[in-house]
Amino acid sequence: MKDNLNKFLSNLAVMTFKLHNLHWNVVGMNFVQLHEYTESLYDQTFKQFDEVAEMLKMRGESPLVKLDDYKKGATIKEIEAKAFTAAEVVGILKSDISEMAALADEIRKDAAGADDFKVSTVFEDYLKSYAKTLWFLDAMSVK
Ligand SMILES: [Fe+2]
């Protein structure tokens with residue numbers, strides 16, 4: 001569980017920066033909408049970043065603290081800056097949020113199996129939020 005929590009923490013760190021890339025570089029008619037939506041998502045990932053690190057501390061474990069370690073530990077990949085269309089942003093978010101949700105579900109199941117409700121309830125909330133985000137992104141993908 002500790003390894004997966006640190007992997008999740010690393011993904012949250014990478015996501016926070018990656019979301020800023022999309023927030024700054026999205027272009028097109030839906031700029032304002034996606035600029036604001038990505039801001040709401042990086043506010044969430046940054047809050048979760050601290051929450052997950054503190055969860056590790058409460059378990060007597062050490063959260064990773066270095067950017068180098070986050071880059072090594074994350075499965076979410078950074079991307080170069082460019083002008084992103086709204087469709088590209090939605091596509092990138094769908095894929096990354098699905099990956100975050102899969103790992104969150106793995107952590108939730110492990111925690112539930114170990115009767116570790118402090119972790120499982122937090123990850124249930126993350127999964128609820130991911131389900132809503134994925135619904136939004138699917139709705140945005142309809143042409
Ligand atoms: Fe901003």
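Quick note: structure is the one above.
This write-up is about the structure you can find in this document. (Residues numbered from 1 in each chain as written. Predicted model: local features only at pLDDT ≥ 70, side-chain atom pairs only at ≥ 80, totals over all residues. Heavy atoms only, no water.)

**A short note on the packing of aromatic side chains**
Heads up, the condition is: Only centres within 6.5 Å qualify two rings of Phe, Tyr or Trp (six-membered ring in Trp) as a pair; their planes then separate them into stacked at under 30 degrees, edge-to-face at over 60, and tilted for everything else. Only when the NZ of Lys or the CZ of Arg is both within 6 Å of the ring centre and within 35 degrees of the ring normal is a charge said to sit over the ring.
This structure, assessed with the given rule, holds seven aromatic pairs. Lying across the ring of Phe 117, Lys 118 places its NZ or CZ 5.3 Å from the centre.

**Here's the deal with the pattern of salt bridges**
As a reminder of what qualifies: Salt bridge, as applied in this entry: a Lys or Arg side-chain nitrogen positioned within 4 Å of an Asp or Glu carboxyl oxygen. The numbering of helices and of strands both runs from the N terminus, where a helix is a DSSP run of H or I of at least 4 residues and a strand a run of E of at least 2. To sort residues, take the accessible area from a 1.4 Å probe on protein chains only and compare it with the maximum for the residue type: under 20% means buried, over 50% means exposed, and anything in between is partly exposed.
For the coordinates displayed, the defined rule picks out 10 salt bridges. Between Lys 18 and Asp 96 there is a salt bridge, with the nearest N and O atoms lying 2.8 Å from each other. Of this pair, Lys 18 sits in helix H1 (residues 2–25) while Asp 96 sits in helix H4 (residues 86–113), and the two are 78 residues apart along the sequence. A relative accessible area of 8% places Lys 18 in the buried class. For Lys 109, the salt bridge is made with Asp 105, and the minimal N-O distance between the two is 3.0 Å. Note that Lys 109 and Asp 105 are positioned in helix H4 at a spacing of four residues, about one turn of the helix. Under the relative-accessibility criterion, Lys 109 is labelled partly exposed at 49%.

**Examining the nonpolar core**
Definition in use: What makes a nonpolar core is a set of buried Ala, Val, Leu, Ile, Met, Phe, Trp, Tyr and Cys residues whose side-chain atoms join them at distances within 4.5 Å.
If you look at the biggest cluster of nonpolar residues, it comprises 40 residues, and the most contacted ones within it are Phe 8, Val 52, Phe 123 and Tyr 130. Take this core: its biggest share by element is 11 residues, from H4.

**As for unusual backbone geometry**
In this structure, Asp 115 takes a positive phi of about 55 degrees despite not being glycine. Its relative accessible area of 64% is what places Asp 115 among the exposed residues.

**Observations concerning a nonpolar patch on the surface**
How we decide: Patch criteria: residues need more than 30% relative accessible area and no salt bridge. Like-charged residues are merged within 9 Å; nonpolar side chains of Val, Leu, Ile, Met, Phe, Trp and Tyr are merged within 5 Å. Methods summary: accessible areas were calculated by the Shrake-Rupley approach with a probe of 1.4 Å, and residue burial reflects only the protein chains presented.
Together, Trp 135, Phe 136 and Met 140 make up an exposed nonpolar region whose accessible area comes to about 310 Å². Positionally, Met 140 belongs in helix H5 (residues 117–141). Accessibility expressed as a relative area gives 33% for Met 140, which makes it partly exposed.

**Comments concerning the side chain of Asn 11**
Going by this rule: Think of a polar contact as two N or O atoms within 3.5 Å of one another; within protein, one of them needs to be a possible hydrogen donor and the other a possible acceptor, and neighboring residues in sequence only count if both atoms come from side chains. Whether two residues are in contact is decided by their heavy atoms: any pair within 4.5 Å suffices.
Considering the arrangement of structural elements, one finds Asn 11 in helix H1. Asn 11 sits in the buried class, given a relative accessible area of 0%. A polar side-chain atom of Asn 11 sits 3.0 Å from the main-chain amide nitrogen of Ile 76. In contact with Asn 11, not counting residues within four places along its chain, are Ala 74, Thr 75, Ile 76, Met 100 and Leu 103.

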